[in-house]
Amino acid sequence: DTGVSQDPRHKITKRGQNVTFRCDPISEHNRLYWYRQTLGQGPEFLTYFQNEAQLEKSRLLSDRFSAERPKGSFSTLEIQRTEQGDSAMYLCASSLVLAGGDEQYFGPGTRLTVT
Amino acid sequence: AQKVTQAQTEISVVEKEDVTLDCVYETRDTTYYLFWYKQPPSGELVFLIRRNSFDEQNEISGRYSWNFQKSTSSFNFTITASQVVDSAVYFCALSEEAGGGADGLTFGKGTHLIIQP
């Protein structure tokens, strides 16, 4: 059973450029989450999908951020016109929600550096 | 609003000592879920435990144990006979919905645990 995978693992970009990250969840999981983690902090929730539907977005997710999950499989997170404040680790997690709840399993993350 | 507080920023102990990581949470819901995750230097968050608010039984798994007390809104984590491989950042997290739901998991700032040989 493979875990959650993310690509790329590292991304360095110049301010103003667009970047896109990919997340492949555990295959049978129906929920997919995106978080952002900055140095010395815990992960902060950005958005989540139930199958292909995006059900919630955090106020942290400005208009420059967009996420998709076509066909309820992998997901992409795009940041347009990157700013230095976007530098962070972007984490993806997936879960299979059953009665009584279930836990989220995290991928290795994509570390974004905006210069 | 929900909140998780991990007051211990960093703890350093010598190998084989017991160590307890504190977690205090705030929530208005009567049904909620508490989690502990481990983040080793490699960076990937590793799930350790989930506890439902209606189940106050403490849990032991090998050298790990968890003490859940609703009266003090605490969910503390103890490592017995610590080992160098336990060195990591440990996060406590809270969710008001099964599996994370609309607001995802709310994490504390983490406790950096250093186990010295």
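The structure we're discussing is the one just above.
Below or above, wherever it landed, is the structure these notes cover. Fair warning: this is a prediction, and the values are worked out from it, not measured in the lab.

### A few points about the overall build of chain A
Assigned secondary structure in chain A consists of zero helices and eleven strands. Traced from its N-terminal end to its C-terminal end, chain A shows the element sequence β-β-β-β-β-β-β-β-β-β-β. Against the compact-globule benchmark of 13 Å for 115 residues, chain A has a radius of gyration of 14 Å, which places it among compact chains. If you line up chain A on its principal axes, its C-alpha atoms span 45 × 25 × 25 Å. The 115 residues of chain A split such that 49% are buried. Within chain A, contacts between residues separated by at least 24 positions form 54% of all contacts whose residues are at least 6 apart in sequence. As displayed, chain A offers around 5,700 Å² of accessible surface, 45% of which is attributable to carbon and sulfur atoms. Seen as two clouds, the 14 positive and the 14 negative side-chain charges of chain A have centres 8 Å apart.

### Focus: the layout of surface pockets
Considering only enclosed or pocket space, the second largest pocket measures out at about 390 Å³ in volume. Lining the second largest pocket are 21 residues, and of these Gln37(A), Thr38(A), Leu39(A), Gly40(A) and Gln39(B) sit closest to its centre. Elements with a contribution of two residues or more to the lining of the second largest pocket: strand 9 (88-95) and strand 11 (110-114) of chain A together with strand 10 (88-95) of chain B. The leading source of residues in the lining of the second largest pocket is strand 11 of chain A, at three residues. Considered class by class, the residues forming the lining of the second largest pocket number eight nonpolar, eleven polar and two charged.

### Some remarks on the interface of chain B and chain A
Of the residues lining the interface, 22 residues belong to chain B; the matching set on chain A comes to 23 residues. Buried area between chain B and chain A, both sides added, is near 1,800 Å², and the carbon and sulfur share of it is 50%. Taken together, chain B and chain A are joined by one salt bridge. A salt bridge links Arg50(B) to Glu103(A); the shortest N-O distance between them is 3.1 Å. At the surface where chain B touches chain A, the tally comes to four residue pairs in polar contact (both at pLDDT 80 or more). Contributing elements (two or more residues each) for the side of chain B that touches chain A: strand 5 (33-39) and strand 6 (46-52) of chain B. The element contributing the most residues to the side of chain B that touches chain A is strand 5 of chain B, with four residues. In terms of residue class, the side of chain B that touches chain A is built from ten nonpolar, seven polar and five charged.

### A word on the sheet that holds strand 7 (residues 65-68) of chain A
Residues and elements named next belong to chain A. Here we have four strands laid out as an open sheet, ordered 1-3-8-7, and antiparallel in their pairing. Across the chains shown, the open sheet's two edge strands, defined by having one partner strand only, are strand 1 (5-7) and strand 7. Pairs of neighbouring strands in the sheet enclose a mean axial angle of 15 degrees, with direction left out of account.

### Details of the state of the cysteines
All names here are of chain B. Considering all chains together, one arrives at two disulfides over all chains under this definition. The disulfide bridge from Cys 23 ends at Cys 92, spanning 2.0 Å between sulfur atoms. Of note, the bridge from Cys 23 to Cys 92 carries an S-S torsion of about -65 degrees and is left-handed in sense. With Cys 23 in the loop between strand 3 (19-21) and strand 4 (24-26) and Cys 92 in strand 10, this residue pair connects regions lying 69 residues apart in the sequence. For Cys 23, a relative accessible area of 0% translates into the label buried.

### A look at the nonpolar core
Judged by nonpolar contacts, the single largest core of 23 residues is most densely connected at Trp36(B), Phe77(B) and Tyr90(B). Taken together, the elements giving at least two residues each to this core come down to strand 2 (10-14), strand 3, strand 5, strand 8 (64-69), strand 9 (74-79), strand 10 and strand 12 (111-116) of chain B. With four residues, strand 10 of chain B is the largest single contributor of residues to this core. For Phe77(B), the contacting residues outside a window of four places in its chain are Val19(B), Thr20(B), Leu21(B), Trp36(B), Leu48(B), Tyr64(B), Ser65(B), Trp66(B) and Tyr90(B). Phe65(A), Ile79(A), Ala88(A) and Tyr90(A) belong to the second largest nonpolar core, which has 19 residues in total.

Definitions and limits used
- Residues numbered from 1 in each chain as written.
- Chains lettered and ligands numbered in written order.
- Predicted model: local features only at pLDDT ≥ 70, side-chain atom pairs only at ≥ 80, totals over all residues.
- Heavy atoms only, no water.
- Helix = DSSP H or I, 4+ residues; strand = E, 2+ residues; numbered from the N terminus.
- Rg over C-alpha atoms; globule rule 2.2 N^0.38 Å.
- Buried < 20%, exposed > 50% of the residue type's maximum accessible area, 1.4 Å probe, protein only.
- Contact = heavy atoms within 4.5 Å.
- Areas by Shrake-Rupley, 256 points an atom, 1.4 Å probe, with all protein chains shown as cover.
- Lys, Arg positive; Asp, Glu negative; His and termini not counted.
- Charge placed at Lys NZ, Arg CZ, Asp CG, Glu CD.
- 1 Å grid on protein atoms, 1.4 Å probe; cavity = no way out; pocket = protein on both sides within 12 Å on 5 of 7 lines; lining within 4 Å.
- Points joined across faces, edges and corners; volume = space filled by probe spheres on them.
- Nonpolar A, V, L, I, M, F, W, Y, C, P; charged D, E, K, R; others polar.
- Buried area = accessible area lost by both parts, 1.4 Å probe.
- Salt bridge = Lys/Arg side-chain N within 4 Å of Asp/Glu carboxyl O.
- Polar contact = N/O pair within 3.5 Å; in protein donor to acceptor, adjacent residues only side chain to side chain.
- Pairing = 2+ DSSP bridges.
- Axes fitted to C-alpha atoms, helices over the stretch in contact; angles between N-to-C directions.
- Disulfide = S-S within 2.5 Å.
- Core = buried A, V, L, I, M, F, W, Y, C linked by side-chain atoms within 4.5 Å.

Honestly, it's all geometry; don't read function into it.
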